[in-house]
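Here is what each chain is made of, one letter per residue.
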Amino acid sequence: MSTETFPRTFVPADIDLGDWEDIEPLFKVLLDRQIDNPEELEQWLLDNSELMACISEERSERYIAMSCDTAASDKERAYLDFLENIAPRVKSCVYALNTKYVASESRGDLNADRYGVLDREVTAEIELFREENIPLQTEVSKLAQQYQKITGAMTVEYKDEEHTLPQMAKYLEETDRDVRQQAWKLVISRRLQDRDEMDAIFDRQLQLRQQIAANAGFDDYRSYAFKSMMRFDYNIEDSEHFQETVRELVVPLYRDLNLRQFGMLAEESKGKSCQSVVQSSKDPTVEFRTLRPWDLEVDPLGRDPLRPFENIERLESGVQEIFTRLDPELARLFASMRSQGDLDLESRKGKAPGGYMSTRDEKRRPFIFMNAAGVQRDVETLLHEAGHAFHAFATQHEPLVGYRHSPIEFAEVASMTMELFAADELDVFYDTKDAARAKRKHLESIIKIIPWIAQIDRFQHWIYANPGHSVVDRTACWLELDRAFGAQVDWSGYQESRESYWQRQLHLFVHPFYYIEYGIAQLGALQLWLRFKRDQDEALRGYRAALALGGSRPLPELFEVAGARFDFSAETIKPLVDAVQDELAELPV
Ligand SMILES: [Zn+2]
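Values in this document were obtained by computation on a predicted structure and should not be read as measured data.

Colleague: Sorry, what's going on with the coordination of the zinc ion here?
Modeller: Summarising the metal site, the zinc ion is bound by the protein donors His384 (NE2), His388 (NE2), Glu412 (OE) and Glu412 (OE), whose distances to it range over 2.1 to 2.4 Å. Counting the intervening residues between successive donors of the zinc ion yields the motif H-x3-H-x23-E. Residue His384 is located in helix H13 (residues 376-394), and its partner Glu412 is located in helix H14 (residues 408-421); the two are separated by 28 residues in the primary sequence. Considered together, His384 and Glu412 belong to a single accessibility category, that of buried residues.

Here it is as structure tokens:
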């Protein structure tokens, strides 16, 4: 199954998908085709889907080639050329095709169960489309670009070397507290230099977004954003419910973890001071009074970072071993990716940063890209991206390309669940003690990120529900949310940084409202994990069945088939928090 091919029936074999003159006639054929009955409409949708899959694959292939070899200027040119010359033209053709679909008389006779999801998405796109919004959207994107440019250009001088801000993150794991503080201070001071400009960019974006919503007939950008993000299965009140439940149930556990971190660090520092009395003239009376913002990433026992593997072969074979233990089918799929060259995992010069899974939509095969450096995070990333890849394999037989992809709220369940299913198999890489340490770190990271997701989400809701607010009002709102959701660290001396801390969250500028998806998905993944702990086979069956549905069903149904509830109430969240807490209590430090 995993090496199956899916031959074309509509798009000619010899088409050049980088040449608009080759592509345009196919759109024209689809636009001009007479459709007299539901069967013809279905065939039209299939042909449409095949063309879109071919175009999407061309884009993915060019993107993959570029990110694997950023030094090759021809590869970069090929990708940019596609973005400039093909993508916008495709977009306007898709709008024309959608209009044709909505106007088709046979549409009402399609099987609602099969086409319901597609229909509601196409209808929403048509309803939201306004010609006069195109230049406004371009301007918002340019401002988002400007935000990224400013952030990307931020560097600091440290140890006589220029560092980007992401490069500084590793110093926050240093056991020497002074090193951490100095590194943290350099980063926040650098960010503060651009604080006012960030506020100005954001204010301009808010005005534009408000205008875009008004043009499309909405009084509020929130309602517009929910519709344009195809959030049919939850609404503004549900999001608020999510925020509130997280505040009540997850924030206390998060703060407990921080307190524990503080307690251990304080112990550690006592030990250090005793030693330094003997060994150095450094003031031994320095006390660890409170947890500061630079104390959150360090190992509280002063241990070195975990080192799961020394080379890529070991990472691949280790993860292969985990899948073999979990499920023969998953093992077979991962093995086929290895043998077919669908993995590029090693970090090397000339490779773009980060990691992703990309599906080649025509071949219907996934590709995993990442920059492994030998740390535990790499193991998690590969398990995560493999979860996305299994999703792509599971939907191979779905003929409609749109249904081969699920909404992010569920796509991330596929990936985050794989990290959790593998949590008890990490002894592939470690001795028992370190395997437990890696598992603890993973569970803690889940508890740490959920409050931040809720905080960012609530902040956005406030922002768009209060158009015309001042920077002062916005700052006051953020501080209030930080008191409700934040880490409870001692910020004294760094008030300005605390006030503008939200500016580091790219989504606020680049993809407004897009963030809660990760929280929703994590709730799904934790539910699947609990099921897995009770009955491994049943959990895997549900996981695979839900993945196979791709995006063909509404979110609550995808969750249900997987064995989870699409629900943000305490009733659903409480058992998850309790389970994580119990698991953490059993794990050694
Ligand atoms: Zn993901």
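Colleague: Quick question: what am I supposed to make of the environment of Ser189 here?
Modeller: Tracing the sequence through the fold places Ser189 in helix H7 (residues 177-193). With relative accessibility at 37%, the residue Ser189 sits in the partly exposed group. Here the alpha-carbon distance between Ser189 and Tyr494, two residues 305 residues apart in the chain, equals 9.5 Å. A polar side-chain atom of Ser189 sits 2.6 Å from the main-chain carbonyl oxygen of Lys185.

Colleague: Just to check I follow, could you spell out the nonpolar core for this structure?
Modeller: The tendency in soluble globular proteins is for nonpolar side chains to be buried side by side. In this structure, Leu315, Phe323, Phe390, Phe410, Phe421 and Phe429 are the most contacted members of the largest nonpolar core, which totals 140 residues. For this core, the element with the most residues is helix H15 (residues 432-465), which contributes 14 residues. Sequence-distant contacts of Leu315, defined by excluding residues within four places in its chain, comprise Phe309, Leu345, Met370, Ala372, Asp378, Val379, Leu382 and Phe429. In this structure, Val11, Ile55, Val117 and Val122 belong to the second largest nonpolar core, which totals 30 residues.

Colleague: Whenever I open this one, the pattern of salt bridges confuses me. Can you help?
Modeller: A side chain of one charge can pair with a side chain of the opposite charge if their charged atoms are brought near each other. All told, the structure shown has 52 salt bridges when counted by the stated rule. Arg190 is the salt-bridge partner of Asp194, the closest N and O atoms lying 3.0 Å from each other. Its salt-bridge partner being Lys351, residue Asp344 comes within 2.7 Å of it at the nearest N-O pair. One salt-bridge network, held together by shared partners, links Glu321, Arg325, Glu425 and Asp427.

Colleague: Before we go on, may I ask you to explain the packing of aromatic side chains in this structure?
Modeller: Any aromatic ring pair is given by two values, namely how distant the centres are and how the planes are angled relative to each other. Counted under the stated rule, the structure contains 39 aromatic pairs. Plain terms: the ring middles of Tyr221 and Tyr224 are 5.8 Å apart, the flat faces sit at 35° to each other, and that makes the pair tilted. Placement of both Tyr221 and Tyr224 in helix H9 (residues 221-228) is noted, with a separation of three residues, approximately one turn of the helix. On the basis of relative accessible area, Tyr224 is assigned to the buried category, the value being 7%. Between the aromatic rings of Phe421 and Phe532, the centroid separation amounts to 4.2 Å while the plane-to-plane angle is 15°, which identifies the pairing as stacked. With Phe421 in helix H14 and Phe532 in helix H19 (residues 516-534), this residue pair connects regions lying 111 residues apart in the sequence. On the basis of relative accessibility, which here comes to 1%, the residue Phe421 falls in the buried class. Here the aromatic cluster, defined as three or more aromatic residues joined through ring pairs, consists of Tyr147, Trp184, Phe202, Trp294, Trp452, Phe459, Trp478, Trp491, Tyr494, Tyr501, Trp502 and Phe509. Arg231 extends its terminal NZ or CZ atom over the ring of Phe226, reaching a point 4.6 Å from the ring centre. Across the ring face of Phe369, the terminal group of Lys351 is positioned such that the distance to the ring centre comes to 4.8 Å.

Colleague: It is not clear to me how the side chain of Asp361 should be interpreted in this structure. Could you clarify?
Modeller: Relative to the assigned elements, Asp361 resides in the loop between strand S4 (356-360) and strand S5 (365-372). At 2.8 Å, the side chain of Asp361 and the side chain of His405 are in polar contact. Once residues lying within four places of it in the same chain are set aside, the contact partners of Asp361 are Ala53, Ser56, Glu57, Val401, Arg404 and His405.

Colleague: Where do I start with the side chain of Thr245 in this structure?
Modeller: In this fold, Thr245 is placed in helix H10 (residues 236-279). Exposure remark for Thr245: the relative accessible area of 4% places this residue in the buried category. If we skip the residues at most four places from it in the chain, Thr245 touches Val250, Phe568, Ser569, Ala570 and Ile573.

Rules behind the numbers
Residues numbered from 1 in each chain as written. Predicted model: local features only at pLDDT ≥ 70, side-chain atom pairs only at ≥ 80, totals over all residues. Heavy atoms only, no water. Donors = N, O, S within 2.8 Å, 3.2 Å for Na, K, Ca; no water. Helix = DSSP H or I, 4+ residues; strand = E, 2+ residues; numbered from the N terminus. Buried < 20%, exposed > 50% of the residue type's maximum accessible area, 1.4 Å probe, protein only. Polar contact = N/O pair within 3.5 Å; in protein donor to acceptor, adjacent residues only side chain to side chain. Core = buried A, V, L, I, M, F, W, Y, C linked by side-chain atoms within 4.5 Å. Contact = heavy atoms within 4.5 Å. Salt bridge = Lys/Arg side-chain N within 4 Å of Asp/Glu carboxyl O. Phe/Tyr/Trp six-rings, centres within 6.5 Å; stacked < 30°, edge-to-face > 60°. Lys NZ or Arg CZ within 6 Å of the ring centre and 35° of its normal.

Don't take any of this as a statement about function, it's just geometry.
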